[in-house]
Amino acid sequence: QVQLVESGGGLVQAGGSLRLSCATSGRPLSDYAGTWFRQAPGKEREFVAGIAWHDVSTYYSDSVKGRFTITRDNAKNTFFLQMDSLKLEDTAVYYCAADTVVRTSPTLMNYWGKGTLVTVSS
């Protein structure tokens, strides 16, 4: 019912920053929580950050807490992931996803973007 398209990925040096965007369509973003996941080579897809639709509650994985910030702009049907102090281990394909609530398990998500690659170099 909702389509999602990520953008903003690219190559960045360790310690640098990137801002990812997830543009949604088909349904108002206000109907959904926004969530970011990532999948590194050889690893399973993992939860990164989420933001609830009904309030401003945010959730972060321990590995990114204090470095990444998730925000949303319902008027533009877009949510974002500001990534600061990037580390080599942040290299992954980043996916945005939507559901009625924030979910940390990727197997429970039904609406996905196709991903945007973030590569952190030394």
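Coordinates for the structure precede this section.
Summary of the structure given here. (Residues numbered from 1 in each chain as written. Predicted model: local features only at pLDDT ≥ 70, side-chain atom pairs only at ≥ 80, totals over all residues. Heavy atoms only, no water.)

A count of helices and strands for the protein gives zero helices and eleven strands. Computed over C-alpha atoms, the radius of gyration of the protein comes to 13 Å, within 12% of the 14 Å expected from 2.2 N^0.38 for 122 residues, which places it in the range of a compact globule. Dimensions along the principal axes, computed over C-alpha positions, put the protein at roughly 40 × 25 × 25 Å. In the protein, buried positions account for 43% of the 122 residues. Intrachain contacts of the protein at a sequence separation of at least 6 include 59% that bridge at least 24 residues. Carbon and sulfur atoms make up 50% of the accessible area of the protein, which amounts to about 6200 Å² in all. In the protein, the 12 positive side-chain charges and the 11 negative ones have mean positions that sit 2 Å from each other. (Helix = DSSP H or I, 4+ residues; strand = E, 2+ residues; numbered from the N terminus. Rg over C-alpha atoms; globule rule 2.2 N^0.38 Å. Buried < 20%, exposed > 50% of the residue type's maximum accessible area, 1.4 Å probe, protein only. Contact = heavy atoms within 4.5 Å. Areas by Shrake-Rupley, 256 points an atom, 1.4 Å probe, with all protein chains shown as cover. Lys, Arg positive; Asp, Glu negative; His and termini not counted. Charge placed at Lys NZ, Arg CZ, Asp CG, Glu CD.)

For the structure on display, the rule yields one disulfide. Between Cys22 and Cys96 runs a disulfide, and the two sulfur atoms are separated by 2.1 Å. Judged by the torsion about the S-S bond (65°), the Cys22/Cys96 disulfide is right-handed. Separated by 74 residues along the polypeptide, Cys22 in strand 3 (residues 18–25) and Cys96 in strand 9 (residues 92–99) bring together distant segments of the chain. Like Cys96, Cys22 is buried. (Disulfide = S-S within 2.5 Å.)

Let us now look at the sheet that holds strand 1 (residues 3–7). Strand pairing in a sheet relies on backbone hydrogen bonds. The paired strands run either parallel or antiparallel. Strand order in the open sheet formed by four strands is 1-3-8-7, with antiparallel pairing between adjacent strands. Single-partner strands in this sheet number two, and they are strand 1 and strand 7 (68–73). Strand-to-strand twist across the sheet, computed as the mean angle between neighbouring axes with direction ignored, equals 15°. With five bridges connecting them, strand 1 and strand 3 associate as antiparallel partners. When the bridges of strand 3 are listed, Glu6 appears paired with Cys22. (Pairing = 2+ DSSP bridges. Axes fitted to C-alpha atoms, helices over the stretch in contact; angles between N-to-C directions.)

Using the criterion set out here, one finds five aromatic pairs in the structure. Measuring from ring centre to ring centre gives 5.6 Å for Trp36 and Phe79, while their planes differ by 65°; the resulting arrangement is edge-to-face. One end of the pair, Trp36, is in strand 4 (residues 33–39); the other, Phe79, is in strand 8 (residues 78–83), and 43 residues separate them in sequence. Taking the centre distance of 6.2 Å and the plane angle of 90° together, the rings of Tyr95 and Trp112 count as edge-to-face. Of this pair, Tyr95 sits in strand 9 while Trp112 sits in strand 10 (residues 111–112), and the two are 17 residues apart along the sequence. The rings of Phe37, Phe47, Tyr95 and Trp112 are connected pair by pair, giving a single aromatic cluster. Looking at Arg19, its charged tip hangs above the ring of Phe80, at a distance of 3.9 Å from the centre. Taking NZ or CZ as reference, Arg45 lies 3.7 Å from the ring centre of Tyr95, over its face. (Phe/Tyr/Trp six-rings, centres within 6.5 Å; stacked < 30°, edge-to-face > 60°. Lys NZ or Arg CZ within 6 Å of the ring centre and 35° of its normal.)

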